[in-house]
Amino acid sequence: CLDCCIKCLGGVPYASLVATILCFSGVALFCGCGHVALTGTLTILETHFSKVTTDHAMLTDIIQLMQYVIYGIASFFFLYGIILLAEGFYTTSAVKELHSEFKTTICGRCISAMFVFLTYILGVAWLGVFGFSAVPVFLFYNIWSTCAAMRAPLNTMPSNLPANESICVDMRQYGIIPWNATPGVACGSTLLDICNSSEFYLSYHLYIVACAGAGATVIALIHYLMILSANWAYLKDASHMHAYQDIKSKEERELQDIQSRSKECLNSYS
């Protein structure tokens, strides 16, 4: 029983397993945190920057579309990660040792090459997602730093002193809401209320976690790409080795046939 357990543990593709766990974690962080953060962002915009629904109707549709896309990304990568993990199980050398009759085929090598190409495309796409997920972090950081600059003088002055109404944040300049949005800008005490709200605090930190999740997914896909490339090279070498062994066994059979016929001829002459 112990030997069987050792063989089973030896057949686990640990590199693929680590990449799968990292991919699942990154996608889960990006999708879960991103979905909640988008909802909080829409609440902040509707409450403080665009109080007329028709002004940000397109933004609402875009956010809802992005949330549906998040559902699709989570489902796709759940299946894709399982498929790559299964591919790792069937191409690990330990499994080939357990199944001595295992032989590679052209179809198997083509499937491995397809996974390499698809993972490369997904890695490039996730680099774009990682860069895009850093944009809301930058916007929220600008708002947070503006509020921090407003709080600094207030901490050294009487508490009943009003906030500086000349310091403002205009969301219209980022292109998030149209220029005719009302009010479109938050100044002074209103801006401080935004920064002190739970929606802002939660959304800001969720965007940071979502960006980190996208970065973890990029690392996982790079890890997958290295694993798949090594597996494809192994399958290619294995196919060449099988072809060499087939030719060698065929030549040995032909040599044995020649030797047997020559012996028969010598026996007939004698």
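Conventions adopted
Residues numbered from 1 in each chain as written. Predicted model: local features only at pLDDT ≥ 70, side-chain atom pairs only at ≥ 80, totals over all residues. Heavy atoms only, no water. Disulfide = S-S within 2.5 Å. Helix = DSSP H or I, 4+ residues; strand = E, 2+ residues; numbered from the N terminus. Buried < 20%, exposed > 50% of the residue type's maximum accessible area, 1.4 Å probe, protein only. Arc of directions from axis to C-beta. Phe/Tyr/Trp six-rings, centres within 6.5 Å; stacked < 30°, edge-to-face > 60°. Core = buried A, V, L, I, M, F, W, Y, C linked by side-chain atoms within 4.5 Å. Contact = heavy atoms within 4.5 Å. Axes fitted to C-alpha atoms, helices over the stretch in contact; angles between N-to-C directions. Parallel < 35°, antiparallel > 145°, perpendicular 65-115°, else oblique. Nonpolar A, V, L, I, M, F, W, Y, C, P; charged D, E, K, R; others polar. Patch = residues over 30% accessible without salt bridge, like charges linked within 9 Å, V, L, I, M, F, W, Y side chains within 5 Å. Areas by Shrake-Rupley, 256 points an atom, 1.4 Å probe, with all protein chains shown as cover. Salt bridge = Lys/Arg side-chain N within 4 Å of Asp/Glu carboxyl O. Polar contact = N/O pair within 3.5 Å; in protein donor to acceptor, adjacent residues only side chain to side chain.

## Digging into the state of the cysteines
No. 1: For the structure on display, the rule yields two disulfides.
No. 2: Here Cys147 pairs with Cys195 through a disulfide, and the sulfurs are 1.8 Å apart. Disulfide Cys147-Cys195: torsion about the S-S bond near 65 degrees, hence right-handed. Of this pair, Cys147 sits in helix H5 (residues 106-154) while Cys195 sits in helix H6 (residues 188-196), and the two are 48 residues apart along the sequence. For the pair Cys147 and Cys195, a shared accessibility class is recorded, and that class is buried.
No. 3: With a sulfur-sulfur separation of 1.9 Å, Cys168 is cross-linked through a disulfide to Cys187. Here the disulfide of Cys168 and Cys187 is right-handed, its torsion about the S-S bond being about 110 degrees. Note that Cys168 is positioned in strand S1 (residues 168-170) and Cys187 in strand S2 (residues 185-187), a separation of 19 residues in sequence.

## Section: the environment of Leu38
No. 1: Within the secondary structure layout, Leu38 lies in helix H2 (residues 14-49).
No. 2: For Leu38, a relative accessible area of 9% corresponds to the buried category.
No. 3: Between the alpha carbons of Leu38 and Leu206 there is a distance of 9.4 Å; along the sequence they are 168 residues apart.

## With respect to H6
No. 1: Within the span of H6, buried status applies to Gly188, Leu191, Leu192, Ile194 and Cys195. Axial view of H6: buried residues confined to an arc of 155 degrees, hence all on one face.

## Points about the packing of aromatic side chains
No. 1: Scanning all chains against the criterion turns up 13 aromatic pairs.
No. 2: Between Phe76 and Tyr80 the ring centres are 5.6 Å apart and the planes differ by 10 degrees, which places this aromatic pair in the stacked class. Of this pair, Phe76 and Tyr80 both sit in helix H3 (residues 57-91), four residues apart, which is roughly one turn of that helix.
No. 3: You can call Phe76 partly exposed: its relative accessible area is 38%.
No. 4: Ring centres 6.3 Å apart and planes at 70 degrees place the aromatic pair Tyr80 and Phe115 in the edge-to-face group. Here Tyr80, found in helix H3, pairs with Phe115, found in helix H5; they are 35 residues apart in sequence, far enough to count as distant. A single burial state applies to Tyr80 and to Phe115, both of which are buried.
No. 5: Counting every residue linked through ring pairs, the aromatic cluster contains Phe30, Phe76, Phe77, Tyr80, Phe115 and Trp126.

## A short note on the nonpolar core
No. 1: If you look at the biggest cluster of nonpolar residues, it comprises 50 residues, and the most contacted ones within it are Phe49, Phe77, Trp126 and Ile143.
No. 2: Ranked by residues supplied to this core, first place goes to helix H7 (residues 198-269) with 13 residues.
No. 3: Excluding residues within four positions of it along the chain, Trp126 makes contact with Val27, Phe30, Ile73, Phe77, Ala214, Thr217, Val218 and Leu221.

## Re the packing of H2 against H3
No. 1: It is at 10 Å that the axes of H2 and H3 come closest, and there the two elements cross at 175 degrees. With respect to their mutual orientation, H2 and H3 come out roughly antiparallel.
No. 2: For the contact of H2 with H3, the class distribution of residues is 19 nonpolar, nine polar and one charged.

## Quick word on a nonpolar patch on the surface
No. 1: A cluster of nonpolar side chains, contributed by Phe78, Leu79, Ile82 and Ile83, occupies part of the molecular surface with about 380 Å² of accessible area.
No. 2: Structurally, Phe78 can be placed in helix H3.

## Some words on the side chain of Glu87
No. 1: Note on placement: Glu87 falls in helix H3.
No. 2: Take Glu87: its relative accessible area is 10%, and that puts it in the buried class.
No. 3: Contacts of Glu87, omitting those with residues within four sequence positions, involve Ser112, Phe115, Leu228 and Asn231.

## Side note on the environment of Ser197
No. 1: Within the secondary structure layout, Ser197 lies in the loop between H6 and H7.
No. 2: When its relative accessible area of 15% is taken as the criterion, Ser197 is described as buried.
No. 3: In this structure, the C-alpha to C-alpha distance between Ser197 and Ile44, residues 153 residues apart in sequence, is 9.0 Å.
No. 4: Polar side-chain contacts of Ser197 include one of 3.4 Å to the backbone nitrogen of Phe200.

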